[in-house]
Amino acid sequence: MTLSSETNHPTPEAPGLDHDVIVIGAGMSGLYLIYRLRELGLRVRVFEAGTGVGGTWYWNRYPGARFDSESYSYGYSFSQELLDEWDWSEHFSSQPEIERYLNFVADKFDLRRDIQFSSRVRSAAYDGENRCWNIVLEDGSRHSSRFMITALGPLSAPTMPRFAGVEDFQGRSFHTGLWPKENISFAGKRVAVIGTGASGVQAIQEVAKTAGQLTVFQRRPNWCTPLHNRPIDKEEMARIRAGYPELFQRCRETAACFVHTVDPRGTFEVTVAERNAFWEELYAGPGFGIWQGNFRDILTDPKANKLLSDFVADKIRGRVHDPDIAELLIPRDHGFGTRRVPQETHYYEVYNRPNVTLVSMLETPVERITRTGVRTSGADYEFDIIIYATGFDAVTGSFDRIDISGTDGRKLTEEWKSGPTTFVGVMVEGFPNMFMVMGPHAALGNNPRSIEYNVEWVRDLIGHMSGRDLTVAAARPEAVEEWTGFVRQKAQGLLSNEIDSWMTGVNMNVEGKQTRTLVRYSGTAPEYREWCDMVAAKGYPELALA
Ligand code: N01
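Since the structure is predicted, the reported quantities are computational estimates derived from the model, not experimental observations.

Draft legend 1. Expanded view of the packing of aromatic side chains. Under the counting rule described, the total for this entry stands at 42 aromatic pairs. Aromatic side chains Tyr58 and Trp59 sit 4.9 Å apart centroid to centroid with 85 degrees between the ring planes, which places their arrangement in the edge-to-face category. Classification of Tyr58 as buried rests on a relative accessible area of 6%. A relative accessible area of 25% places Trp59 in the partly exposed class. Aromatic side chains Tyr521 and Tyr528 sit 5.6 Å apart centroid to centroid with 55 degrees between the ring planes, which places their arrangement in the tilted category. The class of Tyr521 is buried, set by a relative accessible area of 4%. Relative accessible area serves as the criterion here: at 3%, Tyr528 is assigned to the buried category. Over the ring of Tyr58 we find Arg61, and its NZ or CZ is 5.0 Å from the ring centre. Lying over the aromatic face of Phe278, Arg265 brings its terminal NZ or CZ to 5.1 Å of the ring centre.

Draft legend 2. The pairing of strand β15 (residues 366-369), seen in detail. Here β15 pairs with strand β16 (residues 373-376) via 3 bridges, running antiparallel. Residue pairing in the sheet places Val366 in a bridge with Thr376 of β16.

Draft legend 3. Representation of the site of the ligand. As a matter of local geometry, the ligand sits amid 24 residues, with Arg66, Ser199, Arg219, Arg339 and Trp502 nearest to it. Between the ligand and Arg219 there is a distance of 2.8 Å, counted from an oxygen atom to a side-chain nitrogen or oxygen. In this structure, an oxygen atom belonging to the ligand sits 3.0 Å away from a side-chain N or O atom of Arg340. When the residues that make up the shell around the ligand are grouped by side-chain class, the tally is 10 nonpolar, 8 polar and 6 charged.

Draft legend 4. Focus on helix α1 (residues 28-38). Burial analysis of α1 places 10 of its 11 residues in the buried class, which makes it a mostly covered element. Of all the positions in α1, only Met28, Ser29, Gly30, Leu31, Tyr32, Leu33, Ile34, Arg36, Leu37 and Arg38 are classed as buried.

Draft legend 5. Region of the structure containing the layout of surface pockets. Size it by volume and the second largest pocket reaches roughly 340 Å³. For the lining of the second largest pocket, a count of residues per class yields 8 nonpolar, 9 polar and 5 charged.

Criteria and cut-off values
- Residues numbered from 1 in each chain as written.
- Predicted model: local features only at pLDDT ≥ 70, side-chain atom pairs only at ≥ 80, totals over all residues.
- Heavy atoms only, no water.
- Phe/Tyr/Trp six-rings, centres within 6.5 Å; stacked < 30°, edge-to-face > 60°.
- Buried < 20%, exposed > 50% of the residue type's maximum accessible area, 1.4 Å probe, protein only.
- Lys NZ or Arg CZ within 6 Å of the ring centre and 35° of its normal.
- Pairing = 2+ DSSP bridges.
- Helix = DSSP H or I, 4+ residues; strand = E, 2+ residues; numbered from the N terminus.
- Near = heavy atom within 4 Å.
- Polar contact = N/O pair within 3.5 Å; in protein donor to acceptor, adjacent residues only side chain to side chain.
- Nonpolar A, V, L, I, M, F, W, Y, C, P; charged D, E, K, R; others polar.
- 1 Å grid on protein atoms, 1.4 Å probe; cavity = no way out; pocket = protein on both sides within 12 Å on 5 of 7 lines; lining within 4 Å.
- Points joined across faces, edges and corners; volume = space filled by probe spheres on them.

The quantities given are spatial measurements derived from coordinates; they are silent on function.
This is how it looks when you write it as structure tokens:
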């Protein structure tokens, strides 16, 4: 056991290994891991596929990309200095500002020296004899470490639709999640957007402003509600800064770490007038209030959910001039909030513009992409630019894209074939010394709040091992079973778990992901933390430590 000169903390011996910890990904999780693991005096190496930090906020630089969480609730909370130094310019900041923020963090804490950019991990294999992970990058280089931590992000494996002819298109085409750094002009161009999830909605409302002609290809519509973004001036920022302790405390108490608090009343416990007044207030309020701060039963009681859906449907009808288009934009296959609610700014009004056309792929499916555009069962369309806002192979997809093998060569993709099983979303049985931040079955939501918790939990576990000369941590099968059972139990009764979406592991564009699986933990974040805190307090009996 050696002592780190910087911190006087013991470090786990890793003779002959290149690093103590290899982290995959330099997004919000990876950056914070460097900061916290350095406290243990560990030699950390982060491999990042991109050329810069930011993860999601590095790749998703499509027009209109911005926060759907209040900016100040999304930043890191761990450093008072950082909170004091950084000013947010909008309640829901845009991608360029978020990327600037994450670069500011990387510079402030000198994190870059532990990151190797343009380095995509191809494979990772556990070596039981030497108690280490062997990692191979796309360039063929090999790297070993005692621990491997995945900081891949739940939405980082973009997926293209399985349309014939995608390669044939002679114009320019982009996926929202792989947007280039160069400025793309839409002025006077014929532009298609395929997909109307949160990314598509943000892109559509922005592209419509300048495109010569914008054609939106929508399969299943989503329930979108107004973001109500506005700038933050110096005085308001000072008030926000003064309120940070209360803000982060509130985020610790809410189910999904957002600032919005569920109303304890039931939908049918109030009068019709009270209910409608409350919903009007929420619809006029910022962010996810109408989703995360509504009556307690709107996401569990089908009748309550139907009433709210009808309320939002009427809002859509009131905003779209052409009644036929309005009806096309109203979801029929799922209730409000049972899929992720896209946040919008004049999105529905886009369809009142003369330069915008909506094509329902439910009525006229896309048959193929052609050299000049898109062919549906109804017509041929010509485009200069096609934007694929077709989403991600979520949660487990980024793991599937790396060849990860554990004890006895067990493949992670095989283990998770019919859905992931984990221990507290951080460990997988048969994959010792591999820890996941924001992996399947961790508490998703307002992610940075969960990232900070997850990272600190992993840091504490490694610290616990270091202090006791332990070099292997493996999740016990019975602990995985118990946690997975809890995840299953918490999924019961939530309407969103009865709907196909990335949140239920469905992606029609990915082989083997056509049926719903339990990829997500649906309990509350406080319950999640209570469980994890207990594990740590008891000294990790759920793990085999050696
Ligand atoms: O992806 P999505 P996203 N043929 O999967 C359509 C986060 N996010 O990138 O619904 C035809 O939601 C698909 O149609 P359908 C957020 O958590 C956050 O928009 O399957 N259509 C759908 O309309 C979000 O939930 C922020 O019928 C096809 C769309 O493409 C998550 O990322 C911003 C198709 C995909 O929607 C994912 O959002 C943006 C096909 N073959 C995103 N394949 C912020 O916080 C796909 N589609 C700001």
